[in-house]
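Fold and geometry: a report
The residues making up each chain are set out below.
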Amino acid sequence: AQSVTQLDSQVPVFEEAPVELRCNYSSSVSVYLFWYVQYPNQGLQLLLKYLSGSTLVKGINGFEAEFNKSQTSFHLRKPSVHISDTAEYFCAVSISGSARQLTFGSGTQLTVLP
Amino acid sequence: EPEVTQTPSHQVTQMGQEVILRCVPISNHLYFYWYRQILGQKVEFLVSFYNNEISEKSEIFDDQFSVERPDGSNFTLKIRSTKLEDSAMYFCASSRLVNNQPQHFGDGTRLSIL
């Protein structure tokens, strides 16, 4: 079975500062990795995904993540955050292949301060 | 951009009553999913559905739960006899048949059991 750990439940950061949201996973088989964002009263929106190939993945809204197989990590980064980035961020993993269930981390609440 | 739509946004039900949560997946998607998120906890997988049958289900998805695609557009989750612990946000998702396609989520239905 897979598991996902998001070490930080809350991350406050000032506007225009860089941010890193941490995600570690555990799996005995090959996996796909995802970051989703949830704005208040909305559903989960895909930010980016890693399936294979280049370990640096770029997503929407200026976010990127790097897959590190040796450290089983998939940390999310943004060089300069905006107030509008305030949201809950979820890391998720699925077994490689089509239409497999997602296993989510517990989420990180990013709060961008003026 | 096409969206997954869920109705109602909030459902209040007496314990022991049956409840049906409705979802309209994206039109060219053929895989459908239900997840739930109990307040303060992780998003958890319930069930996936393809070609009119369940593909995967979690241990949460017991005999009280059922899913159905009653027509060409709707995908429903039924809880036969609700319990207090069924109170949660329920998310529907869908994905295309092609390999490696991500899951797209609806905004969720908040289910409150009294």
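Along each chain, numbering runs from 1 in the same order as the chain's sequence is written. Key to labels: chains lettered from A, ligands numbered from 1, both in the order written. Local features are withheld for residues below a pLDDT of 70 in this predicted model, meaning they are given only at 70 or higher, and side-chain atom pairs are given and counted only at 80 or more; totals for whole chains, interfaces and linings count all residues. As a rule here, side-chain values come from all non-hydrogen atoms in the structure, and water together with hydrogens is ignored.

Our next topic: the overall build of chain A. Think of it this way: any DSSP run of H or I at least four residues long counts as a helix, any run of E at least two long counts as a strand, and we number them from the N terminus. Along chain A, the regular secondary structure elements total zero helices and twelve strands. When the helices and strands of chain A are listed from N to C terminus, the series reads β-β-β-β-β-β-β-β-β-β-β-β. Taken over the C-alpha trace, chain A has a radius of gyration of 13 Å; the compact-globule value for 114 residues is 13 Å, and the two agree within 12%. In terms of its C-alpha atoms, chain A occupies a principal-axis envelope of roughly 45 × 30 × 20 Å. Note on exposure labels: buried denotes an accessible area under 20% of the residue type's maximum, exposed denotes more than 50%, and partly exposed covers the range between, all computed with a 1.4 Å probe on protein chains only. Burial analysis of chain A (114 residues in total) assigns 46% to the buried set. Whether two residues touch is decided by their heavy atoms; if any such pair falls within 4.5 Å, the residues are in contact. Excluding contacts between residues fewer than 6 apart, the proportion of contacts in chain A whose partners are at least 24 apart in sequence is 56%. Only the protein chains shown count as covering a residue, and every accessible area follows the Shrake-Rupley method with a 1.4 Å probe. Looking at chain A as shown, the accessible area adds up to about 5,300 Å², and 50% of this sits on carbon and sulfur atoms. Note that the radius of gyration is over C-alpha atoms, with the globule rule given as 2.2 Å times the number of residues to the power 0.38.

Now for the pairing of strand S7 (residues 65-68) of chain B. All names here are of chain B. In S7, alternate side chains face the same way, and those of Phe-65 and Val-67 are buried while those of Ser-66 and Glu-68 on the opposite face are not. For two strands to count as paired, DSSP must find a minimum of two bridges between them. Bridge count for S7 against strand S8 (residues 75-79) is four bridges, and the pairing is antiparallel. Its bridge partner being in S8, Val-67 is matched across the sheet by Leu-77. What sits between the antiparallel neighbours S7 and S8 is a turn of six residues.

Right, let's get into the sheet that holds S7 of chain B. Adjacent strands of a sheet pair through backbone hydrogen bonds, lying either parallel or antiparallel. Residues and elements named next belong to chain B. Taken together, the four strands give an open sheet; going across it, the order is S1-S3-S8-S7, and neighbouring strands pair in antiparallel fashion. With one partner strand each, in any of the chains shown, strand S1 (5-7) and S7 form the two edges of the open sheet. Taken pair by pair, the neighbouring strands of this sheet meet at an average axis angle of 20°, ignoring direction. Convention adopted: a line fitted to C-alpha atoms gives each axis, helices being fitted over their contacting stretch, and angles between N-to-C directions are expressed from 0 to 180 degrees.

Below, the discussion takes up the environment of Ser-48 of chain B. Residue and element names in this part refer to chain B. Tracing the chain through its elements places Ser-48 in strand S5 (residues 43-50). Along the sequence, Ser-48 and Glu-59 sit eleven residues apart, while their C-alpha atoms lie 13 Å from each other. Setting aside anything within four residues of it in sequence, one finds Ser-48 in contact with Phe-32, Tyr-33, Glu-53, Ile-54, Ser-55 and Glu-56.

Residue and element names in this part refer to chain A. Classification of ring pairs rests on two measures: the distance between centres of Phe, Tyr or Trp rings, Trp counted by its six-membered ring, which must be within 6.5 Å, and the angle between planes, read as stacked under 30 degrees, edge-to-face over 60 and tilted in between. Taken as a whole and assessed by the stated rule, the structure comprises 17 aromatic pairs over all chains. With a centroid separation of 6.3 Å and 90° between ring planes, the pair formed by Phe-90 and Phe-104 is classed as edge-to-face. Separated by 14 residues along the polypeptide, Phe-90 in strand S10 (residues 87-95) and Phe-104 in strand S11 (residues 103-104) bring together distant segments of the chain. An identical accessibility class is assigned to Phe-90 and Phe-104; each is buried.

What follows deals with the pattern of salt bridges. Think of a salt bridge as a Lys or Arg side-chain nitrogen and an Asp or Glu carboxyl oxygen that are within 4 Å of each other. Throughout the structure, instances matching the rule amount to seven salt bridges over all chains. A salt bridge links Glu-64 of chain A to Lys-58 of chain A; its shortest N-O distance comes to 2.8 Å. The closest approach of N and O atoms between Glu-56 of chain B and Arg-100 of chain A, which form a salt bridge, is 3.0 Å. Of the two residues, Glu-56 of chain B sits in strand S6 (residues 53-57) while Arg-100 of chain A sits in the loop between S10 and S11, which places them in two different chains. On the basis of relative accessibility, which here comes to 17%, the residue Glu-56 of chain B falls in the buried class. Each of Glu-20, Glu-66 and Arg-77 of chain A takes part in a single network of salt bridges with overlapping partners.

Let's shift gears to the nonpolar core. Burial of nonpolar side chains together is a common tendency in soluble globular proteins. The nonpolar core is taken to be a set of buried Ala, Val, Leu, Ile, Met, Phe, Trp, Tyr and Cys residues, with the residues joined through side-chain atoms within 4.5 Å. Formed by 29 residues in total, the largest nonpolar core has its most connected members in Leu-33, Trp-35, Leu-47, Leu-48, Phe-74, Leu-76 and Tyr-89 of chain A. Those elements that provide at least two residues to this core are strand S2 (10-14), strand S3 (19-21), strand S5 (31-38), strand S6 (44-50), strand S8 (64-68), strand S9 (73-78), S10 and strand S12 (108-113) of chain A. Here Phe-74 of chain A is in contact with Cys-23, Leu-33, Phe-34, Trp-35, Leu-48, Lys-49, Tyr-50, Ala-65, Glu-66 and Phe-67 of chain A, once residues within four sequence places are set aside. By size, the runner-up hydrophobic cluster in this structure holds 23 residues, among which are Val-19, Val-47, Phe-61 and Cys-92 of chain B.

This part is about the interface of chain A and chain B. Note: interface size is frequently given as the accessible area lost on complex formation between the parts. Facing the 20 residues of chain A at the interface are 18 residues of chain B. Put simply, buried area is how much 1.4 Å-probe accessible surface two parts lose in total, over both of them, once they are put together. Of the roughly 1,700 Å² buried where chain A meets chain B, counting both sides, 52% is carbon and sulfur surface. In this assembly, chain A and chain B are joined by one salt bridge. Here a polar contact is recorded for every N or O atom pair within 3.5 Å, except that within protein the pair must consist of a potential hydrogen donor and a potential acceptor, and residues adjacent in sequence are included only if both atoms are side-chain atoms. Counting the contacts that link chain A with chain B gives seven residue pairs in polar contact (both at pLDDT 80 or more).

Now for the state of the cysteines. Any cysteine sulfur atom paired with another within 2.5 Å is treated as part of a disulfide. If you walk through the whole model with that rule in mind, you get two disulfides over all chains. One disulfide bridge connects Cys-23 of chain A with Cys-91 of chain A, the sulfur atoms lying 2.0 Å from each other. One disulfide, between Cys-23 of chain A and Cys-91 of chain A, carries an S-S torsion of -65° and so falls in the left-handed class. Here Cys-23 of chain A is found in the loop between S3 and strand S4 (24-26), whereas its partner Cys-91 of chain A is found in strand S10, with 68 residues between them in sequence. We note that Cys-23 of chain A, like Cys-91 of chain A, is buried. Across the disulfide from Cys-23 of chain B sits Cys-92 of chain B; the S-S distance is 2.0 Å. Between Cys-23 of chain B and Cys-92 of chain B, the disulfide has an S-S torsion of -65° and is therefore left-handed. Of the two residues, Cys-23 of chain B sits in strand S3 (residues 19-24) while Cys-92 of chain B sits in strand S9 (residues 88-95), which places them 69 residues apart along the sequence.

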